[in-house]
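# Structure at a glance
So the chains spell out like this:
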Amino acid sequence: MPTKRRRVQATDQEETVEKKVSRILNENDSVSSKYFQSKKMRLLSDFYNKPCIELAKSFLGQVLVRRLPDGTELRGRIVETESYLGGEDEASHSRGGKRTERNVAMFMKPGTIYVYQIYGMYFCMNVSSQGDGAAVLLRSLEPMEGLDTMRVFRNVKRNVQKPLKDKELCNGPSKLCQAFAIEKSFDRHDLTDDQNTWLEAGPEILEEDIVSCPRIGISNAGDWTRKPLRFYIKDNEFVSVRDKAAETSSVNA
DNA sequence: CATCTGATGTGCT
DNA sequence: GCACATCAGATGA
């Protein structure tokens, strides 16, 4: 018992400074205590310089940060991604090595943001990886900081006043762009060197907690339609679509 | 829960 | 012309 008490006291002392900083930072916006805090250190080039599938898995658990013009910072933990390999990947915008004005960011250095518009009214955010025309689509975030602001952005974009639950803020590629106010102008920005957008390190996600399954919204891509190139954190409630079949089969893997 | 449908406009053939 | 890495609301079980 004395050992336990001493450890608790030491922990409390260690957290004092961090708690103070956190309290000051949080005075301007809401931070829910049920979400963990990131280490607030920007991820640099080495992190992004990996093959596409490896990067898509590495993104899980990392924290996307968006700094708004008024200084407000939004944070969300990445919980779902998809790989688009380029070249032979028939579902990729860069299939067959096709390079256009729209998708040129996919061919830029790892860590470059690729934003494209879809269905006339939505945006999707990708990050280029190692490999020609390869990129990772960010599909879902677990909101951590700035939830009130995210809710406002989402309601403004949707032109609806229905209150959104936390899990509805960022559980889809275009929802997270709305919540973080990420638009076409972010295309070709560099996550390792951008003042408004970057990634911070979060806790490592174990391989056994990653579910691999087919990508969402892909059809007519031949064999590539079913390849397991979507990755998400198992049992995370902020994932957009759970694949029950993949979750049960991975138990035996 | 699963499945369906309308909205909406740009990029590319 | 048409396909489209989506979303929200509606409907049925």
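Residues numbered from 1 in each chain as written. Chains lettered and ligands numbered in written order. Predicted model: local features only at pLDDT ≥ 70, side-chain atom pairs only at ≥ 80, totals over all residues. Heavy atoms only, no water.

Taken together, K98, T100, R102, Q117, Y119, G120 and M121 form the complete shell of residues around DNA strand B. One of the side-chain N or O atoms of T100 is found 2.5 Å from a phosphate oxygen in DNA strand B. Separating a base oxygen of DNA strand B from a backbone N or O atom of Y119 is a distance of 2.7 Å. Considered class by class, the residues forming the surface near DNA strand B number two nonpolar, three polar and two charged. (Near = heavy atom within 4 Å. Polar contact = N/O pair within 3.5 Å; in protein donor to acceptor, adjacent residues only side chain to side chain. Nonpolar A, V, L, I, M, F, W, Y, C, P; charged D, E, K, R; others polar.)

Glancing now at the packing of aromatic side chains. All chains considered together, the criterion is met by four aromatic pairs. An angle of 35 degrees between the planes, with centres 5.9 Å apart, marks the rings of F47 and F59 as tilted. One end of the pair, F47, is in helix α2 (residues 45-48); the other, F59, is in helix α3 (residues 52-59), with 12 residues separating them in the sequence. Judged by its relative accessible area of 14%, F47 is buried. Note on F59: relative accessible area 0%, which makes it buried. Clustering of aromatic rings is evident, with ring pairs tying together F47, Y48 and F59. Positioned above the aromatic ring of F47, the side-chain terminus of K50 is 4.0 Å from the ring centre. Here R99 stacks its cationic end above the ring of F107, 4.3 Å away from the centre of that ring. (Phe/Tyr/Trp six-rings, centres within 6.5 Å; stacked < 30°, edge-to-face > 60°. Helix = DSSP H or I, 4+ residues; strand = E, 2+ residues; numbered from the N terminus. Buried < 20%, exposed > 50% of the residue type's maximum accessible area, 1.4 Å probe, protein only. Lys NZ or Arg CZ within 6 Å of the ring centre and 35° of its normal.)

The backbone of A181 shows a phi angle near 55 degrees, a positive value even though the residue is not glycine. For N220, which is not glycine, the phi dihedral falls at a positive 60 degrees. Within the secondary structure, N220 is located in the loop between β7 (210-213) and β8 (230-233).

Residues Y119, M121 and Y122 make up a contiguous nonpolar surface patch of about 400 Å² in total accessible area. The residue M121 is located in the loop between β3 (113-118) and β4 (122-128) in this model. Judged by its relative accessible area of 58%, M121 falls in the exposed class. (Patch = residues over 30% accessible without salt bridge, like charges linked within 9 Å, V, L, I, M, F, W, Y side chains within 5 Å. Areas by Shrake-Rupley, 256 points an atom, 1.4 Å probe, with all protein chains shown as cover. Salt bridge = Lys/Arg side-chain N within 4 Å of Asp/Glu carboxyl O.)

Within the largest apolar cluster, 45 residues are counted, with the highest numbers of intra-cluster contacts made by F59, M125 and F180. Counting residues per element, this core draws most heavily on α3, which supplies four residues. Setting aside its immediate chain neighbours within four residues, M125 contacts L64, I113, Y114, V115, V136, L137, L138, C177, I182 and L191. Counting 14 residues, the second-largest nonpolar core is a separate cluster that includes Y84, A91, A221 and L229. (Core = buried A, V, L, I, M, F, W, Y, C linked by side-chain atoms within 4.5 Å. Contact = heavy atoms within 4.5 Å.)

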